[in-house]
Amino acid sequence: MDVRRRHLNPLPPPTAGEPLLKPHKYQQTTNNTKASDALPLPLYLTNGVFFTLFFSVAYFLLHRWREKIRNSMPLHVVTLSELAAVVSLIASVIYLLGFFGIDFVQSVLTGRHTHDGWDVEDEINSVDRFVIEEDSLKKPCGAGIDCLPVVVAPAMAAVLVAEQPALVLEAEDEEVIKSVVAGTTPSYSLETKLGDCRKAALVRREALQRITGKSLGGLPLDGFDYDSILGQCCEMPVGYIQIPVGIAGPLLLDGREYSVPMATTEGCLVASTNRGCKAIHLCGGATSVLLRDGMTRAPVVRFGTAKRAAELKFFLEDDMNFDTLSVVFNKSSRFARLQGIKCAIAGKNLYTRFTCSTGDAMGMNMVSKGVQNVLDFLQNDFPDMDVIGISGNFCSDKKPAAVNWIEGRGKSVVCEAIIKEEVVRKVLKTDVASLVELNMLKNLTGSAMAGALGGFNAHASNIVSAVYIATGQDPAQNVESSHCITMMEAVNDGKDLHVSVTMPSIEVGTVGGGTQLASQSACLNLLGVKGANKESAGSNARLLATIVAGSVLAGELSLMSALAAGQLVNSHMKYNRSSRDVTKMSS
């Protein structure tokens, strides 16, 4: 392997017993060094003069201004002595800031940080950087993915770790661990007790290992912001899971290009989606249409009789009452807007499905608050109404349900593209007729034979899950969000392929939940949909839904082509199986 070594500001090699990394030039004094040895005496005299000057003129000016205020004299009229005092004050401030604040200013402007007596710049300079040529790192790449040169900087990994030191258990932590193991201190209370989320995760982790007798050595702990998940994303953390993120694209959708982040551990998935993106791009891109946008929540209430339940059903479905109910519902949020109410009766039990817009949030909490407002309001006219649950599964959330397939939930999107015959042949390695036949027999007929519910596709769930995890969505909502029917039809006298995906219940948001975590926020930023859209509420979430549908379209196109061409098994055996010798790794 041809490896070229290039030094950046090389330092002389350390002698025997000398540390590789040297302390900063301003930090080489030991704890026993006297201050008078570290700083020349004249400099101390200068500092003393300017400190005295600063406080003297400040006192003088404050005293003079107080007299002017008492005597109703204008402050802007100054005497020669006052002018000299102002100039002296400014000069002393400039000197003191220049002497004591220069290192801080440099750290802000240049990004230099010190840690535990070591300077990052010196640390980088003291370690060689390696530039690995492209041909020395060639590995199998998925179809459509270009292998790029890799530049490796060994020093940087150590520097990044140094910025956040690894946590170490201290003597006082041992008592806390013992109390957790004994059950006297609840594990969930460690953040409050210790006042440090990182330390709480470390203590909880150690206690768990002692209780179970199992090691968590392979689960990372350091390098994560545990404060960011407190009270909103995950309780009682003991570490975090690493999932690689790949990029498929560019996906040309509605005239814009998107690099789609996909978090997955399944080989070939990103490469396959990338190939689909390439085919779509070569044919002018895909087009999407947002059909509906509304999150749902369906409480279940019970009455003494079915007749009484029907009376509430008629009341809720009466258009004359909708405006009143909307006002009550919309109080839950400035973004929540009630769109409709549908009811279903089972005996004396009434299931009411509320649908509302939720801005750029996925909206489960928002719609739940609105529903609670309406239930409280209805209690006045229907005091015999017994609220069994705020959710009665008629919503339906995180479960396959025909109501979502038919009525939609979240964002309903259809996405289409026309793939030219030449692209089908050269990029997808198959032909139009084979794709159309396979789609009919597999995605339509085969799914019908299996009694599928919204699963008339090849692997929409694969792409939805990968994009959801990368962008901080609720991965459990992949269940209904992956409802998809893939259609393929020969067009232009049978030469070209029209392919589309219709997805009635894509549940996404760009604010709230996991979207605010650093990694997920970065992926949303890559797509240009980070946070709330200030100009048009809900636009970012709707755009994200169309990107999900466009990515599914690319994934469906590529996988179906691989199946039609008989490439699936070979590609997975080549790219989705590790070539490492596991026996050597474990020894």
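The structure we're discussing is the one just above.
Residues numbered from 1 in each chain as written. Predicted model: local features only at pLDDT ≥ 70, side-chain atom pairs only at ≥ 80, totals over all residues. Heavy atoms only, no water.

**Notes on the pattern of salt bridges**
Summed over all chains, the structure comprises 18 salt bridges. The closest approach of N and O atoms between Arg198 and Asp222, which form a salt bridge, is 3.5 Å. Highlighted residues: Arg198 in helix α9 (residues 197–212) and Asp222 in the loop between α9 and β6 (245–253), separated in sequence by 24 residues. Assessed through its relative accessible area of 28%, Asp222 is described here as partly exposed. For Lys426, the salt bridge identified is with Glu422, shortest N-O distance 2.9 Å. Of this pair, Lys426 and Glu422 both sit in helix α15 (residues 421–426), separated by 4 residues, roughly a single helical turn. On the basis of relative accessible area, Lys426 is assigned to the partly exposed category, the value being 48%. Salt bridges sharing partners connect three or more residues here, namely Asp397, Arg409, Glu480 and Glu507. (Salt bridge = Lys/Arg side-chain N within 4 Å of Asp/Glu carboxyl O. Helix = DSSP H or I, 4+ residues; strand = E, 2+ residues; numbered from the N terminus. Buried < 20%, exposed > 50% of the residue type's maximum accessible area, 1.4 Å probe, protein only.)

**Quick notes on the packing of aromatic side chains**
Applying the stated criterion across every chain, the model contains 7 aromatic pairs. Between Phe303 and Phe382, the aromatic rings sit 6.3 Å apart at their centres with planes inclined by 75 degrees, giving edge-to-face as the arrangement. Taken together, the residues Phe303 in the loop between β9 (300–302) and α11 (306–317) and Phe382 in the loop between α13 (364–381) and β12 (386–389) connect sequence positions 79 residues apart. For Phe303, a relative accessible area of 3% gives the class buried. Pairing Phe329 with Phe354 gives two aromatic rings, centres 6.2 Å apart and planes at 15 degrees, and the pair type is stacked. Placement of Phe329 in helix α12 (residues 319–330) and of Phe354 in strand β11 (residues 349–357) is noted, with a sequence separation of 25 residues between them. Here Phe329 falls in the buried class, since its relative accessible area comes to 0%. Judged by its relative accessible area of 1%, Phe354 is buried. (Phe/Tyr/Trp six-rings, centres within 6.5 Å; stacked < 30°, edge-to-face > 60°.)

**Brief notes about α13**
In this model α13 runs 27 Å from its N-terminal to its C-terminal C-alpha over 18 residues, within 8% of the 26 Å that 1.5 Å per residue would give. Burial in α13 covers these residues: Met364, Met366, Val367, Ser368, Gly370, Val371, Val374, Leu375 and Leu378. (Expected span 1.5 Å × (residues − 1).)

**Thoughts on the environment of Lys398**
Within the secondary structure, Lys398 sits in the loop between β12 and α14 (402–407). Lys398 sits in the partly exposed class, given a relative accessible area of 34%. Distance from Lys398 to Ala476, taken between C-alpha atoms, is 5.9 Å for residues 78 residues apart in sequence. Leave out the neighbours within four places in its chain, and Lys398 touches Asp474, Ala476, Gln477, Val479 and Glu480. A polar contact is formed between the side chain of Lys398 and the side chain of Asp474, at a distance of 2.7 Å. (Contact = heavy atoms within 4.5 Å. Polar contact = N/O pair within 3.5 Å; in protein donor to acceptor, adjacent residues only side chain to side chain.)

**Here's the deal with the pairing of strand β15 (residues 484–491)**
As a general feature of sheets, a regular strand has side chains that alternate between the two faces. One ladder, built from 2 bridges, connects strand β14 (residues 455–456) with β15; its direction is parallel. Looking at β15, one finds that Gly455 is bridged to Cys484. Looking at chain direction, β15 and strand β16 (residues 496–506) are connected through 7 bridges and run antiparallel. In the strand pairing of β16, Ile485 is matched with Thr502. Two successive antiparallel strands, β15 and β16, enclose a turn made up of 4 residues, where Asn492 displays a positive phi of approximately 55 degrees. (Pairing = 2+ DSSP bridges.)

**Considering the side chain of Lys199**
Tracing the sequence through the fold places Lys199 in helix α9. Residue Lys199 is classed as buried on the basis of its relative accessible area, which comes to 11%. When neighbours within four sequence positions are excluded, Lys199 is seen to be in contact with Leu167, Val168, Glu170, Asp173 and Leu194.

**A short note on helix α10 (residues 269–282)**
For α10, with 14 residues, the first-to-last C-alpha span of 20 Å sits near the 20 Å given by 1.5 Å per residue. For α10, a buried count of 11 out of 14 residues is recorded, marking the element as mostly surrounded by other parts of the structure. Within the sequence span of α10, burial applies to Leu269, Val270, Ala271, Ser272, Thr273, Asn274, Arg275, Gly276, Cys277, Ala279 and Ile280. Looking at the packing, one finds that the buried side of α10 touches β6, β7 (256–263), β13 (410–419), α15, α17 (460–471) and α20 (539–565). Just beyond α10, the residue with positive phi is Gly284, at close to 95 degrees.

**Considering a nonpolar patch on the surface**
Judged by side-chain polarity, Val78, Leu80, Leu83 and Val87 come together as a nonpolar surface patch covering roughly 400 Å² of accessible area. Of note, Val87 is situated in helix α3 (residues 80–100). (Patch = residues over 30% accessible without salt bridge, like charges linked within 9 Å, V, L, I, M, F, W, Y side chains within 5 Å. Areas by Shrake-Rupley, 256 points an atom, 1.4 Å probe, with all protein chains shown as cover.)

**Side note on the pairing of β6**
With 7 bridges joining them, β6 and β7 adopt antiparallel strand pairing. Looking across to β7, one finds that Leu252 is bridged to Glu257. Once β6 ends, the chain turns through 2 residues before running back antiparallel as β7, passing Asp254 with a positive phi of about 55 degrees.

**Considering the nonpolar core**
Counting 53 residues, the largest nonpolar core has Met262, Ile419, Leu497, Ile506 and Val552 as its most contacted members. For this core, the element with the highest residue contribution is α20, accounting for 12 residues. Among residues more than four places away in sequence, those in contact with Ile506 are Arg409, Gly410, Lys411, Val413, Tyr468, Ser481, Ala545, Val548 and Ala549. Ranked by size, the runner-up nonpolar core spans 27 residues in total, among them Ala336, Met366, Val371 and Met385. (Core = buried A, V, L, I, M, F, W, Y, C linked by side-chain atoms within 4.5 Å.)

**Examining the state of the cysteines**
Enumeration according to the criterion identifies 0 disulfides in this entry. For the unlinked cysteine Cys415, the closest cysteine sulfur is that of Cys484, found at 10.0 Å. On the accessibility criterion, Cys415 (0% relative accessible area) is buried. (Disulfide = S-S within 2.5 Å.)

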